[in-house]
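# Survey of secondary and tertiary structure
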Amino acid sequence: MLTQETKLLLIGQVTDISGIPIRTIRYYESLGLLKSSRRTEGGFRQFSLDVLTRLAFIKRAQNLGLSLEEIGNILQVYDQGQAPCGEIKEKLENKLLQIDHQIDQLLTLRSEIDGLLSGWKNNNRQHKDTICPIIQNTPQC
């Protein structure tokens, strides 16, 4: 009877293929995002090939603004044999709302700074208890 042995990668090989530093892979493993399949006799971590898919997913999800905690929750759903797409959709919708709120805040800040700069007067006189009157004499919102 022949058994097909699955190919396992050492952590250095995972780094070479994925471009993700060893330290990051170890960190992800400590968070439970990755699991090594086993260790060599010398104690080196060995990973199955699916670690590359997980790493690519983690990086893409991070680039979309998901936290490692959120990613961990998604991977738990996946590891239980369920499709996590519904959860991902909900999280991305929430990210959109957060981004829209941040954009509104930034536009307000931009308008405020633009107003300060358009009314700028070169005032070299030192005022007592004032670092810069342009900023300090502006009414607070």
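Right above here is the structure, for reference.
The notes below deal with the structure included here.

The rules behind these values
Along each chain, residue indices are assigned from 1 in the same order as the chain's sequence is written. The predicted nature of this model means local features are confined to residues of pLDDT at least 70 and side-chain atom pairs, given and counted, to a pLDDT of 80 or more, with totals for whole chains, interfaces and linings taken over all residues. Calculated side-chain values reflect all of the structure's heavy atoms, with hydrogen atoms and water omitted. Helix and strand definitions follow DSSP, with helices as H or I runs of at least four residues and strands as E runs of at least two, each counted in order from the N terminus. Accessibility here uses a 1.4 Å probe with only protein chains present; expressed as a share of the type maximum, an area under 20% marks a residue as buried, one over 50% as exposed, and anything in between as partly exposed. Contacts were defined at the residue level, with two residues in contact if any of their heavy atoms lie within 4.5 Å. For the accessible areas, the method is Shrake-Rupley and the probe is 1.4 Å, while residue cover comes only from the protein chains on display. Any two rings among Phe, Tyr and Trp, with Trp reduced to its six-membered ring, count as a pair given centres within 6.5 Å; such a pair is stacked if its planes are under 30 degrees apart, edge-to-face if over 60, and tilted if neither. Any two strands between which DSSP finds at least two bridges are classified as paired. The arc in question is traced by the directions running from the helix axis to the C-beta atoms. Between N-to-C directions, angles cover 0 to 180 degrees, with each direction set by a line fitted to C-alpha atoms, over the stretch in contact for helices. Note on terminology: angles under 35 degrees are roughly parallel, angles over 145 are roughly antiparallel, angles of 65 to 115 are roughly perpendicular, and the others are oblique. By the definition used in this description, the sense in which the near helix is turned from the far one sets the handedness, with an anticlockwise turn below a right angle giving left-handed and a clockwise turn giving right-handed. Only Asp, Glu, Lys and Arg are considered charged, only Ala, Val, Leu, Ile, Met, Phe, Trp, Tyr, Cys and Pro nonpolar, and every remaining residue, Gly among them, polar.

### Brief notes about the overall build of the chain
The number of helices and strands found in the chain is six helices and three strands. The secondary structure elements of the chain, listed N-terminal to C-terminal, are β-α-α-β-β-α-α-α-α. Within the chain, the fraction of its 141 residues that count as buried is 23%. Pairs at least 24 residues apart make up 47% of the contacts formed inside the chain by residues separated by at least 6 positions. As presented, the chain carries roughly 11,100 Å² of accessible surface, and 53% of it is formed by carbon and sulfur atoms.

### Here's the deal with the packing of aromatic side chains
Two aromatic rings are characterised by how far apart their centres lie and by the angle between their planes. Taken as a whole and assessed by the stated rule, the structure comprises one aromatic pair. On the numbers, 6.5 Å between centres and 45 degrees between planes, the contact of Tyr27 with Tyr28 is tilted. Since its relative accessible area comes to 2%, Tyr28 is described here as buried.

### Structural notes on the pairing of strand 3 (residues 45-48)
When strand 1 (residues 8-10) meets strand 3, the two strands line up antiparallel, connected through three bridges. Of the residues in strand 3, the one forming a bridge with Leu10 is Gln46. In textbook terms, the turn of a hairpin is the stretch between consecutive antiparallel strands, and for strand 2 (residues 38-39) and strand 3 this stretch comprises five residues, one of which, Gly43, has a positive phi near 90 degrees.

### Thoughts on helix 1 (residues 11-18)
The set of residues buried in helix 1 consists of Ile11, Val14 and Thr15. Considered in projection along helix 1, the buried side chains sweep an arc of 100 degrees and stay on one side of the axis. Opposite the buried face of helix 1, by more than 90 degrees, sit the exposed residues Asp16 and Ile17. Directly beyond the C-terminal end of helix 1, a positive phi value near 80 degrees is found at Gly19.

### A short note on the packing of helix 1 against helix 3 (residues 50-63)
Describing two packed helices takes the angle between their axes plus the distance from one axis to the other. Where helix 1 contacts helix 3, the axes come no closer than 11 Å and their chain directions differ by 50 degrees. The angle between the axes of helix 1 and helix 3 places the two elements in the oblique class. With respect to the hand of their crossing, helix 1 and helix 3 are arranged in right-handed fashion. Every residue of helix 3 that contacts helix 1 at Val14, Ile17 and Ser18 is listed here: Val51, Leu52 and Leu55. Residues of the contact of helix 1 with helix 3, tallied by class, amount to five nonpolar, one polar and no charged.

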